[in-house]
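# Descriptive analysis of the structure
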Protein chains: 2
Amino acid sequence: MKKKTTIYDIAKALNITVSTVSRALSGFPAISDTTRKAVVEMAKKLNYSPNKLASALKSGKTHIIGVIVPSVQAHFFASIIHCIEDGLKDSGYRVIIYQSNESVENEINGVRTLLEAQVDGIMASMSLETKNISHFSEIIKQNKPLILFDRVNTDLKVPTITLDDFKAGYIATKHLIDQGYQKIAFVTTVHQIKIFNDRLEGYKAALTDHGFPVVEDHIIFGGLSIKDGRFGAGKLMRSSNKPDAIIAGDDFTALGVIKKLKEIDETPPKIGVIGFANEAFSAYITPNLSTIDQHASQMGQECAKMFLKMINQESPYANMEHIVLDPGVVERDSTNKKVAIKTEA
Amino acid sequence: MKKKTTIYDIAKALNITVSTVSRALSGFPAISDTTRKAVVEMAKKLNYSPNKLASALKSGKTHIIGVIVPSVQAHFFASIIHCIEDGLKDSGYRVIIYQSNESVENEINGVRTLLEAQVDGIMASMSLETKNISHFSEIIKQNKPLILFDRVNTDLKVPTITLDDFKAGYIATKHLIDQGYQKIAFVTTVHQIKIFNDRLEGYKAALTDHGFPVVEDHIIFGGLSIKDGRFGAGKLMRSSNKPDAIIAGDDFTALGVIKKLKEIDETPPKIGVIGFANEAFSAYITPNLSTIDQHASQMGQECAKMFLKMINQESPYANMEHIVLDPGVVERDSTNKKVAIKTEA
DNA sequence: CTGAAAGCGCTAACAA
DNA sequence: TTGTTAGCGCTTTCAG
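Since we're looking at a predicted model, the values are computed, not measured. For every chain, the first residue of the written sequence is number 1, and numbering continues from 1 onward in sequence order. Ligands are numbered from 1 and chains lettered from A, in the order in which they are written. It should be noted that, the model being predicted, local features are given only for residues of pLDDT at least 70 and side-chain atom pairs only at 80 or more, the latter also being counted only at that level, while totals for whole chains, interfaces and linings use all residues. Side-chain measures here rest on the full set of heavy atoms in the structure, leaving out hydrogens and waters.

Assigned secondary structure in chain A consists of 13 helices and 12 strands. The size measure is the radius of gyration over C-alpha atoms, and the globule rule it meets is 2.2 Å times the number of residues to the 0.38 power. The C-alpha radius of gyration computed for chain A amounts to 26 Å, which surpasses the reference 20 Å derived for 345 residues by more than 25%, pointing to a less compact arrangement than a globule. Across its three principal axes, chain A shows a C-alpha extent of roughly 85 × 40 × 30 Å. When each of the 345 residues of chain A is scored for burial, the buried share is 53%. Sequence separation of at least 24 residues holds for 73% of the intrachain contacts in chain A that already meet a minimum separation of 6. Only carbon and sulfur atoms are counted for the fraction: they give 52% of the accessible area of chain A, which is about 15100 Å². For the charge count, each Lys or Arg is scored as positive and each Asp or Glu as negative, with His and the chain ends excluded. To locate a charge, take NZ of a lysine, CZ of an arginine, CG of an aspartate or CD of a glutamate. Distance between charge centroids for chain A: 8 Å, based on 41 positive and 39 negative side chains. Each helix corresponds to a stretch of at least 4 residues labelled H or I by DSSP, and each strand to a stretch of at least 2 residues labelled E; elements are numbered beginning at the N terminus. Remark: exposure states derive from per-residue accessible area (1.4 Å probe, protein chains only) relative to the maximum for the residue type, with buried under 20%, exposed over 50%, and partly exposed in between. Pairs of residues are marked as contacts when any of their non-hydrogen atoms sit within 4.5 Å. Accessibility throughout is a Shrake-Rupley quantity obtained with a 1.4 Å probe, and a residue counts as covered only by protein chains that appear here.

Given below as structure tokens:
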């Protein structure tokens, strides 16, 4: 059992040639039923397992597609991956995952590794650090499908699947205004990635549309994490112009914000808090967290569909599409002033 | 840019042979500095990217190792993977992840896919459904390293890295007893995987050692999920012999238990609740959840170390080790009766 | 220090 | 319907 059986072993055992074996195994039509059966049986008997490397080398197709995400620990990305796998498995494509851990260096490495592994295409959501995008251009140069989702960069001329993030920022803000909050702050992050800018613009637009001023001190730029949330909330609540509601860049950051607010006895919804992403835990923390649903499953499905379309075209980048999904507010207690009144009574 | 540059292109451009190029690129010692430099430069100029498929086919080593886990959404598994990657990257090994989603069918598929992709080894934590283990035997037959971690099956003669799960069950129970709880129930799952049995045995032993009876009705066998937790807690609290504390098979299940208890106004620590795994959210739910720390990072490191050891031996399965890690209790509010008293005062 | 050539396991013309 | 044969891109003896 030391060395693997190959189609040569099968051929030899059956006294036929490798081409016949190859054809029998790959369902080639012009093969007699007898031969096919004999081959399949012998393959099983010899415990044959095909070497995909060899066939990929020959055919130029690995049927593997690479997905690069910042981290699989975010429920949002995990769900997307799941849906991509789901949408692709019927077509015989497998997914391999590469985590950038929010570092460009890892991201570059990821692209290289996947390309060297000869994947048939790549889907990616960029790391927060990513500014230079030349590593992605390499994929395009090789004329392999690249699809960017959620965290995209518009300088890259590739199909994208995103949320309407301007609208997401807008409705998050509007939701708070509708709940009666008046001084709304925003803890977010700064970089090249479109979605965070769009959300910020949506936030500003909503404020303006409803007659509220945009206060520079109410916008905190940092990272996105529980720690950053705590820090941002602390800074805001120590300032002379304290907000009465905080929008957090994602649910983890919102969690940090809530932690901090609880410590200083400003537990939401006293101070309103809303996040982005609808993480698994968001419904279970106290108070449970209002958030913006980013439709992970739909996004994953669209990625899969888009990939299949690209791979089946002569040129993958013809008829490029940019799909934009509609965000929704998930209203929970952290922005529900009525709960606060009830609790205080 | 349509077709990729190969070492042949480099060789032609430099008027040397492919063997020289290959050697120059792979850091072979007996190569003149001049040639090496020229090759490297030309490689960059021609935008060369090696085809790992070809080199793997030739050398029989892909330097890729496959990790099969039930789901990356569990913080525990995500952390382990992270640490495996970390411990392996210096040796040039890359990790690809395959999720079984707790289904044997996917698991079998995963093993096959990884084997066909010619990975150099596999690490796996079994799905809850897995009973038959022949798909894993296949890896051993091919004489490739297989390491089982956390959810192992002792019928497979391979190295394992586990927690001392008997002890885990024991200390979880003892912790509750120490806190003053007297009627301790256990919501868990039933199957072939060793750890869940061990935990149950530890639970029983702790009860017995401290003079408490083992009550059959206090042991609920179901799945592990938020839903199963709700269901288990409901069943327990409706019974005539209500427990005053519940051990849940994992933190997700514990979350469901807490949800249910809150609804029927038995919010922990009134009824004590403890989970397993120390998920990211556990510290943030209310009341925050006591749990058993499974030392994910240590487990990941040991996996990496073990793999390196196996791959460097003549025969991977010589000197097999079974590493057992020590669990620890993370004490939080959900089992802290003093908090309850304070709150009620 | 470099070249020639065989071959990893499989596919796919082209023949028969 | 099956066989022959030439590679896919790379590594690696064996010569020189």
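Looking now at the environment of Leu25 of chain B. Residues and elements named next belong to chain B. With respect to the helices, strands and loops of the structure, Leu25 is situated in helix H2 (residues 18–25). Overall, Leu25 belongs to the partly exposed group, its relative accessible area being 34%. Considering only alpha carbons, one finds Leu25 and Phe149, 124 residues apart in sequence, at a separation of 37 Å. When residues no more than four places from it in sequence are discounted, the contact partners of Leu25 are Ile7, Ile10, Val39 and Tyr48.

Moving on, we get to the protein's contact with DNA strand D. Taken together, 23 residues are adjacent to DNA strand D, and Ser19, Thr20, Arg23 and Lys58 of chain A together with Tyr48 of chain B come closest. Within 4 Å of the protein, the contacting atoms of DNA strand D are drawn from sugar and phosphate to the extent of 57%. Pairing of N or O atoms within 3.5 Å defines a polar contact, subject to two protein rules: one partner must be a possible hydrogen donor and the other a possible acceptor, and residues neighboring in sequence count only if both atoms are side-chain atoms. Between Ser19 of chain A and DNA strand D, the recorded distance is 3.1 Å, taken from a side-chain N or O atom to a base oxygen. Contact distances for DNA strand D include 2.5 Å between a phosphate oxygen and a side-chain N or O atom of Tyr48 of chain B. Secondary structure elements with two or more residues in the surface near DNA strand D: helix H2 (18–25) and helix H4 (52–59) of chain A together with helix H1 (7–14), H2 and helix H4 (52–59) of chain B. Throughout, the ten residues Ala, Val, Leu, Ile, Met, Phe, Trp, Tyr, Cys and Pro are labelled nonpolar, Asp, Glu, Lys and Arg are labelled charged, and all others, Gly among them, are labelled polar. Here the surface near DNA strand D is composed, by residue class, of 9 nonpolar, 10 polar and 4 charged. Whether a residue is near a molecule or strand depends on its heavy atoms: it is near if one of them lies within 4 Å of it.

Attention shifts here to the relation of the copies chain A and chain B. The atoms used to superpose the copies are C-alpha atoms, taken from residues with pLDDT of at least 70 in both, and the fit is least squares. Mapping chain A onto chain B leaves a residual RMSD of 0.1 Å; the transformation is a rotation of 180° accompanied by 0.0 Å of translation along its axis. With respect to symmetry, the two chain copies, as superposed, fit the operation of a two-fold axis. Considering only C-alpha atoms, the residue of chain A closest to the rotation axis is Ile285 of chain A, which sits at 2.2 Å.

This part is about the UniProt feature "domain: HTH lacI-type" (unreviewed entry) in chain A. UniProt marks residues 5–59 of chain A with the feature "domain: HTH lacI-type" (unreviewed entry), using the numbering shown here. Here residues 5–59 of chain A runs as 67% helix and 0% strand, with 21 Å between its end C-alpha atoms. UniProt positions are given in the numbering used here, feature names are shortened, and annotations may be inferred rather than shown by experiment.

The next thing to look at is the domain arrangement of chain A. Residue and element names in this part refer to chain A. Domain ranges listed in this record stem from an automatic or a database domain assignment. Assigned domains of chain A: these are domain 1 (7–50), domain 2 (62–163 + 295–325) and domain 3 (165–294 + 330–344). The centre of domain 2, based on its C-alpha atoms, is set 29 Å off from the matching centre of domain 3. Every contact between the two is made by 17 residues of domain 2 and, on the other side, 15 residues of domain 3. Note on definitions: buried area is the accessible-area loss of two parts on being combined, 1.4 Å probe, summed for both. For the pairing of domain 2 and domain 3, the buried interface totals around 1400 Å² over both sides, and the portion due to carbon and sulfur atoms is 61%. Together, His75, Leu128 and Leu163 form the three largest contributors to the area buried by domain 2 at its contact with domain 3, with a combined 40%. We define a salt bridge as a side-chain nitrogen of Lys or Arg found within 4 Å of a carboxyl oxygen belonging to Asp or Glu. Applying the counting criterion to the domain 2 and domain 3 interface returns 0 salt bridges.

Contact with chain A, which involves 45 residues of that partner, is made by 45 residues of chain B. Summed over both partners, the interface of chain A with chain B comes to about 4200 Å²; 55% of that surface belongs to carbon and sulfur atoms. By the criterion of area lost to chain B, the three top residues of chain A are Leu53, Glu116 and Tyr284 of chain A, representing 17% of everything that side buries. Our count for the contact surface shared by chain A and chain B stands at 2 salt bridges. There are 11 residue pairs in polar contact (both at pLDDT 80 or more) connecting chain A and chain B.

Residue and element names in this part refer to chain A. When DSSP locates at least two bridges between a pair of strands, those strands are taken to pair. Pairing is parallel in the open sheet, where 6 strands are placed in the order E2-E1-E3-E4-E5-E11. Pairing within the sheet leaves two strands with one partner each, and these edge strands are strand E2 (94–99) and strand E11 (322–325). Averaged over all adjacent pairs, the angle separating strand axes in this sheet is 15°, with direction ignored. With 4 bridges connecting them, strand E5 (residues 160–163) and E11 associate as parallel partners. In the strand pairing of E11, Thr160 is matched with His322. Contacts from helix H5 (residues 75–88) reach strand E1 (64–69), E2, strand E3 (121–124) and strand E4 (146–149) within the one sheet, and its direction differs from that of E1 by about 165°. Angles run from 0 to 180 degrees between N-to-C directions of axes, and those axes are lines fitted to C-alpha atoms, restricted for helices to the stretch in contact.

A separate point is the pairing of strand E9 (residues 272–276) of chain B. All names here are of chain B. Among the 5 residues of E9, 5 are classified as buried, and the element is accordingly described as predominantly covered. Neither face of E9 is left uncovered, since the one carrying Gly272, Ile274 and Phe276 and the one carrying Val273 and Gly275 both have all their residues buried. Inspection of the sheet shows strand E8 (residues 245–248) paired to E9 by 3 bridges, in the parallel sense. Across the sheet, the residue bridging to Ile247 is Ile274, located in E9. Here is how to tell: hold the view so the strands point away, follow the path from the first strand over the helix to the second, and if it runs clockwise the crossover is right-handed. Crossover connection from E8 via helix H11 (residues 251–263) to parallel E9: handedness right-handed. One ladder, built from 3 bridges, connects E9 with strand E10 (residues 290–293); its direction is parallel. If you follow Gly275 over to E10, its bridge partner there is Thr291.

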